[in-house]
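Below are the chains, spelled out letter by letter.
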Amino acid sequence: MIRVSKPWELSENQCTPEKLYLDRRQIIGSLGLSCGLVASGAIAKPPAPDLPLVAKTSKWSISDPATPEKLATSYNNFYEFGTDKSDPAKYAHALITRPWAITVEGEADKTGTFSVDDLIRPDELEERIYRLRCVEAWSMVIPWIGVPLRKILARFEPNSKARYVQFETRFEPEQMRGTRWPVLDWPYVEGLRMDEAMHDLTLMAVGMYGRHLPNQNGAPLRLIVPWKYGFKSIKSIVKIRFTANEPTNSWKKSAPREYGFYSNVNPKVDHPRWSQATERVIGGGSFSSLFNRRDTEMFNGYGEAVAQMYAGMNLKKNF
Ligand SMILES: Nc1nc2c(c(=O)[nH]1)N[C@H]1C(S)=C(S)[C@@H](COP(=O)(O)O)O[C@H]1N2
Ligand SMILES: [Mo]
């Protein structure tokens, strides 16, 4: 069942209809969101989930060959569906991704609950070929499609106390079988400092390989923070919270000695259990791991664009 959701179609278990209606009425004018409650022809309709996504390739794209799509959609980390790399492709189809509500709260002037199709404006979509470098020392090159996060966040008008943003993944045990076990402290949460969230490299992805995201890759919307380890790129987001203090994140909570808040790709700071100096390129070679290893780059290759955000910081301590 594929259809474009309207805000008034959000089901009761996702949000309180009255509250949603009121929140929307308060913010529609100021945010300029397209919505059935106001007559607006000014904003293009969001792309239907069954249609191909069209977007211009961004200057941030790398020129490395893309990982075969089949691998990128069958070798995944998405613990809400199980801890095995093959679990998400097997079980994530159970997640219902339309309609989909995102709640925005905390230190911002425009908060409330929104439909994903109102937050993602088709004219803002870009294709960005990014390498996703997992902390488990493997990487993939994926043509993502999404909107720079800064464009989305700016519309909520974060106030002067907003120094961080926290993101939260959907927690729905009925649809996410992996959450029936306390592998992580559900829901999965992640966070960024405000300057990281507003950096032009940070992408809110809704698609890959010219199509909408498959569920196992984080449908309907997930973060991509290409200079940080893959676990910062939180999937299937339902909450965005602006905070004054550094928010917690799931992997740090589960093993604070192994995972920190910053999690910048750094070949010189090893994980307590494995080296970060090199990485295995998924789909990058046929014979042995000798042929598909590459040296891990500082900030995953984006040092020029992001290093100044960490000037003077001890990256061994703030790992
Ligand atoms: N909600 C949620 N987001 C998540 C994860 C997860 O388990 N749950 N895994 C992270 C990890 S460890 C990685 S490496 C990437 C993997 O993204 P991909 O499957 O699209 O390659 O997603 C990240 N986002
Ligand atoms: Mo990861």
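Here the structure is a predicted model, which means the values were calculated and not measured.

Definitions and limits used
- Residues take numbers from 1 onward in each chain, read along the sequence in its written order.
- Chain A is the first chain written and ligand 1 is the first ligand written, with later ones labelled in order.
- Only residues with pLDDT of at least 70 are given local features in this predicted model, and only at 80 or more are side-chain atom pairs given and counted; all residues enter the totals for whole chains, interfaces and linings.
- Side-chain numbers come from the whole structure's heavy atoms, not from hydrogens or water.
- Helix and strand definitions here come from DSSP, where helices need a minimum of 4 consecutive H or I residues and strands a minimum of 2 consecutive E residues; each element is numbered from the N-terminal end.
- When a residue's accessible area, from a 1.4 Å probe over protein chains only, is under 20% of the maximum for its type it is buried; when over 50% it is exposed; and in between it is partly exposed.
- Only heavy atoms matter for contacts: two residues are in contact if any of them lie within 4.5 Å across the pair.
- Each accessible area is a Shrake-Rupley result for a 1.4 Å probe, and residues are judged covered by the shown protein chains and nothing else.
- Aromatic rings from Phe, Tyr and Trp, taking only the six-membered ring of Trp, are treated as a pair when their centres fall within 6.5 Å; an angle between ring planes under 30 degrees marks them as stacked, one over 60 as edge-to-face, and anything in between as tilted.
- Working rule: Lys NZ or Arg CZ, within 6 Å of ring centre, within 35 degrees of ring normal, means a charge sits over the ring.

### So, the overall build of the protein chain
What the protein chain contains, in helices and strands, is eight helices and 13 strands. A burial count over the protein chain gives 55% of its 319 residues as buried. Partitioning the contacts of the protein chain with sequence separation of at least 6, the portion at a separation of at least 24 is 72%. Of the roughly 14,300 Å² of accessible surface on the protein chain, 52% is carried by carbon and sulfur atoms.

### Let's talk about the environment of proline 226
Within the secondary structure, proline 226 sits in the loop between β10 (222–224) and β11 (237–243). On a C-alpha basis, the gap between proline 226 and asparagine 264 in space is 9.1 Å, while along the polypeptide they are 38 residues apart.

### Considerations on the packing of aromatic side chains
Here the distance between the centres and the angle between the planes together describe a pair of aromatic rings. In total, this model carries 13 aromatic pairs according to the counting rule given. Centre to centre, the rings of tyrosine 130 and tyrosine 302 are 6.0 Å apart; their planes meet at 75 degrees, and the pair counts as edge-to-face. Note that tyrosine 130 is positioned in strand β4 (residues 126–134) and tyrosine 302 in the loop between β13 (293–295) and α8 (303–306), a separation of 172 residues in sequence. Each of the two residues, tyrosine 130 as well as tyrosine 302, counts as buried. Geometrically, the ring pair formed by phenylalanine 231 and tyrosine 259 is edge-to-face, given 5.4 Å between the ring centres and 75 degrees between the ring planes. Taken together, the residues span a long stretch of sequence, with phenylalanine 231 in the loop between β10 and β11 and tyrosine 259 in the loop between α7 (250–254) and β12 (278–281) at a distance of 28 residues. The pair phenylalanine 231 / tyrosine 259 is uniform in exposure class, with both members buried. Ring pairing ties together the aromatic residues Tyr164, Phe261, Tyr262, Phe299 and Tyr310, which thus form one cluster. Just above the ring of tryptophan 60 sits the side chain of lysine 59; from NZ or CZ to the centre is 4.6 Å. Directly above the ring of tyrosine 91 sits arginine 177, whose terminal nitrogen or CZ lies 4.0 Å from the centroid.

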